[in-house]
Amino acid sequence: MREVAIVAFAQSDQVRRSDEQSEVEMLMPVLHSVMEQTGLKTSDIGFTCSGSSDYLAGRAFSFTMTLDGVGAWPPISESHVEMDGAWAMYEAWVKILTGEVDTALVYSYGKSSPGSVRDVLTRQLDPYYVAPLWPDAVALAALQAQALIDSGETDEPALAGIAARSREAAADNPRAQVKGAVPQGDYVVQPLRKGDCPPISDGAVAVVLAAGDKARELCARPAWIRGMDHRIEAHSLGVRDLTDSPSARLAAERAGAFERPVDTAELHAPFTSQEVVLRKALKLGDEVKVNPSGGPLAANTMMAAGLLRIGEAAARIHRGESDRALAHATSGPCLQQNLVAVLEGDAQ
């Protein structure tokens, strides 16, 4: 299998509202940054893949407009996934593995501020039995949190500790939206308080992938993708054990995460209770640094937060702060779909 690495990563400020910017205006500085880091031009990129959601934009094929920021003329090889950018990166990784291209640009973005995310996300539920009830993402996460508490896996003080640790870690992240000590606040949906839930965020992220010697030319310490896999749970919440995530465990196993210990884990756990589930499924001990960037509790841009987790893990390898990292992305209610990537740096 070809060696493929993340050689550049950039993100915008993750903010509560970006009314003054269009998606293209928000994305362009990020694209310029990753290209400048590598010295590549648009014509040097073999494949471009993006991730976003037309539901957030409120119009069909909205992603075509962001291609203006990439530069689609002369014609480029391009694809799009209606998913988090982590899945776009998976497609680009496979493209490079085939030997068809040596480099790829992957980007994703989301503007959640114009609408009600809690209502929009009900459209991904079972359309016959669940969606007509309009249960929002927070209510469903609260069901999962209560199941964890009832099973003895966690309690409310432990969840508050996860929130505090994440937002304190975000104090060192200049792009994070919520930083420092934040009170847990009142219940949003019991047992989840405001501090247990992610902020609504607007933002963009991009990475550049390259193969083999090309990666070594473009980056002093590439973040090599040692494995990547994604799996999905049953659509019906009623047939799932919400206190566990078999799909995350299987994805991690297929990605090679259990072959050797990792020192860092960037988990796409938008709710504190979901970190409890993922720590168990991914076999992460207390010695592993979890979400040193602050994670999605500090900034949770829909369709970009998963790729952000991969980018943040890669950046720590680029800086020499990590040698082997696990990055995770999720989509759907209660950790329905899960992607795991294992990244490594060359020996220092």
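Residues numbered from 1 in each chain as written. Predicted model: local features only at pLDDT ≥ 70, side-chain atom pairs only at ≥ 80, totals over all residues. Heavy atoms only, no water.

**Re the sheet that holds strand E7 (residues 202–211)**
- Here we have ten strands laid out as an open sheet, ordered E3-E2-E4-E7-E1-E8-E12-E11-E9-E10, and mixed in their pairing. Sheet topology places strand E3 (78–81) and strand E10 (289–290) at the edges, where each strand pairs with a single neighbour.
- Here eight bridges tie strand E8 (residues 223–232) to strand E12 (residues 337–344), and the two strands are oriented antiparallel to one another. Across the sheet, Met228 pairs through a bridge with Ala341, a residue of E12.
- Against the sheet, helix H11 (residues 305–318) makes contact with strand E1 (4–11), strand E4 (103–111), E7, E8, strand E9 (264–266), E10, strand E11 (324–331) and E12, and its axis sits at roughly 110 degrees relative to E1, the strand it touches most. (Pairing = 2+ DSSP bridges. Helix = DSSP H or I, 4+ residues; strand = E, 2+ residues; numbered from the N terminus. Contact = heavy atoms within 4.5 Å. Axes fitted to C-alpha atoms, helices over the stretch in contact; angles between N-to-C directions.)

**Digging into unusual backbone geometry**
- The amide bond that connects Gln190 to the next residue, Pro191, takes the cis arrangement and shows omega of 10 degrees.
- Relative to the elements of secondary structure, Pro191 occurs in the loop between strand E5 (187–189) and strand E6 (192–193).
- One non-glycine residue with positive phi stands out, namely Asn291, at about 50 degrees.
- With respect to the element layout, Asn291 can be found in the loop between E10 and H11.
- Here Asn291 falls in the buried class, since its relative accessible area comes to 2%.
- In the Ramachandran plot, Met303 falls in the positive-phi region, its phi being about 75 degrees despite a non-glycine side chain.
- Turning to its location among the elements, Met303 is positioned in the loop between E10 and H11.
- We classify Met303 as buried; its relative accessible area is 14%. (Buried < 20%, exposed > 50% of the residue type's maximum accessible area, 1.4 Å probe, protein only.)

**A few points about the domain arrangement of the protein chain**
- Splitting the protein chain by domain gives domain 1 (4–116 + 199–218) and domain 2 (117–197 + 223–344).
- One C-alpha centre belongs to domain 1, the other to domain 2; they are set 22 Å apart.
- Taken together, the 44 residues of domain 1 in the interface contact 46 residues of domain 2.
- On the domain 1 side of the contact with domain 2, Trp87, Ser116 and Pro199 bury the most area, a combined 20% of that side's loss.
- Across the domain 1-domain 2 interface, the total number found is one salt bridge.
- Asp13 is paired through a salt bridge with Arg175; the nearest N and O atoms lie 2.8 Å apart.
- Along the contact surface separating domain 1 from domain 2 lie 20 residue pairs in polar contact (both at pLDDT 80 or more). (Domains from an automatic or database assignment. Buried area = accessible area lost by both parts, 1.4 Å probe. Salt bridge = Lys/Arg side-chain N within 4 Å of Asp/Glu carboxyl O. Polar contact = N/O pair within 3.5 Å; in protein donor to acceptor, adjacent residues only side chain to side chain.)

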